[in-house]
Amino acid sequence: MPRPIHAVIHQPALANNLEVVRRSAPQSRVWAVVKANAYGHGIRRAFAGLRAADGFGLLDLNEAVLLRDLGWQGPILLLEGFFQPQDIEVLEQYRLTTAIHCDEQLRMLEAARPKGPLAIQLKLNTGMNRLGFRPEQYRAAWERARALSGVGSIVHMTHFSDADSARGIAHQIEVFDTVTASLPGEASLSNSAAVLWHKAAHRAWVRPGIVLYGASPTGRDADIAGTGLQPAMSLHSELIGIQELQPGDTVGYGSLFTADRPMRVGVVACGYADGYPRHAQGWGDKRAPVLVEGVRTELIGRVSMDMLCVDLTPLPKARVGSPVTLWGQGLPIDDVAQASGTVGYELMCALAPRVPVTVATLTAPDQAVSPVGA
Ligand SMILES: Cc1ncc(COP(=O)(O)O)c(C=O)c1O
């Protein structure tokens, strides 16, 4: 028998979350962002849940080719564009839309003279200061791109640094609108936070990622309460051991947790080699939540490579074999992330290859759980 740990990818949740995006930005077309192997969910698995999107945004050419192999005929956007001159042939072969964010990419394009028409998204740096042409360089970059016979549509693109926080997007929108006002072309601005909270940024295209997977752009589950978003990844395991502690007994490496009363502790087959964060708090007053038999309890001690321990005080009947949910349906991934000093994005992306994955399919979500490769 394999270890009892496994993850479930819920395709109905992905489809539902895409619908939530559509209701939130009804006038916009949606690039479903599936970079990083669909935020750890697996491109192949996520594709079936998100195929009602208008396009897919990602980084790696091999992920783009996989989408074409899966039968996707619609737009695919390379969010960072291409890296080498020889990539341009692949763009043409697979009809990929590419971001152009720097002078070097423009020069590669000028030298390659693609036959086209190649769709591009020209990236304007409106204050994120990561990728993109600065406002004073943008018009010249647009004119150079426009002058290339192989270039077809040019969409104006930018990315927000603070759509999920108090600073907001007004300062970036102002730069964007000023710089692009006299240039033709559609616009693509919104990440998940802007889709949910900034209507002014809903232009021709939106580019949500994290909300498609049912987690919060802020890292706080309370912020997406009432949106209808559902978790698309659940991580499950079982208790494989139980310890009876006496006051003064400690648990795990570093003895970070000390029992102050007699208590039962469950040992779960899940550790940091499965993708559970080693930094999750198992001591002090903000311990990571865990569900055992559907009851919320807490992590105890330090997470080790293959195991972690949980408090069984609220579960006197728990036994070896009791089901455990580490995150997902019934336990927001953001709650676990918060107790680990991170956000849901990081946890879902870090699901380890050794964890077997099954898929709850769109056709019969409760019955049709089947193993599917990434
Ligand atoms: C350019 C770009 N657009 C959209 C997204 C989606 O962001 P989110 O997952 O916060 O919706 C990302 C993710 O980092 C991105 O880099």
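*Asks:* Could you give an account of the overall build of the protein chain, naming the residues involved and the relevant values?
*Replies:* For the protein chain, the count of helices and strands is 11 helices and 19 strands. Buried residues in the protein chain amount to 53% of all 374 residues. Considering only residue pairs separated by 6 or more positions, the protein chain has 64% of its internal contacts joining residues 24 or more positions apart. For the protein chain, the exposed surface amounts to about 16100 Å²; the carbon and sulfur share of it is 52%. When the 34 basic and 35 acidic side-chain charges of the protein chain are each reduced to a single mean position, those positions are 3 Å apart.

*Asks:* Tell me about unusual backbone geometry, and name the residues and values.
*Replies:* The amide bond that connects Gly-116 to the next residue, Pro-117, takes the cis arrangement and shows omega of 0°. With respect to the helices and strands, the residue Pro-117 is situated in the loop between helix 6 (103–112) and strand 6 (118–123). In the Ramachandran plot, Arg-95 falls in the positive-phi region, its phi being about 55° despite a non-glycine side chain. As for its placement among the helices and strands, Arg-95 is situated in the loop between helix 5 (87–94) and strand 5 (97–100). Its relative accessible area of 46% is what places Arg-95 among the partly exposed residues. Notably, Arg-113 is not glycine yet its phi reads approximately 45°, a positive angle. Residue placement: Arg-113 occurs in the loop between helix 6 and strand 6. A relative accessible area of 70% means that Arg-113 is categorised as exposed.

*Asks:* So, the pattern of salt bridges: which residues are in play, and what are the values?
*Replies:* This model, assessed by the stated rule, comprises 18 salt bridges. The residue Asp-54 makes a salt bridge to Arg-22 at a minimum N-O spacing of 2.9 Å. Of this pair, Asp-54 sits in the loop between helix 3 (43–50) and strand 3 (55–58) while Arg-22 sits in helix 1 (residues 11–24); the two residues are 32 residues apart in sequence, bridging distant segments of the chain. The partner of Asp-162 in a salt bridge is Arg-167, with the nearest N and O atoms 3.8 Å apart. Judged by its relative accessible area of 57%, Arg-167 is exposed. When salt bridges with common partners are traced through the structure, they connect Arg-3, Asp-274, Asp-306 and Arg-354 into a single cluster.

What counts and how
- Residues numbered from 1 in each chain as written.
- Predicted model: local features only at pLDDT ≥ 70, side-chain atom pairs only at ≥ 80, totals over all residues.
- Heavy atoms only, no water.
- Helix = DSSP H or I, 4+ residues; strand = E, 2+ residues; numbered from the N terminus.
- Buried < 20%, exposed > 50% of the residue type's maximum accessible area, 1.4 Å probe, protein only.
- Contact = heavy atoms within 4.5 Å.
- Areas by Shrake-Rupley, 256 points an atom, 1.4 Å probe, with all protein chains shown as cover.
- Lys, Arg positive; Asp, Glu negative; His and termini not counted.
- Charge placed at Lys NZ, Arg CZ, Asp CG, Glu CD.
- Salt bridge = Lys/Arg side-chain N within 4 Å of Asp/Glu carboxyl O.

Fair warning: the whole summary comes from geometry, so function is off the table for now.
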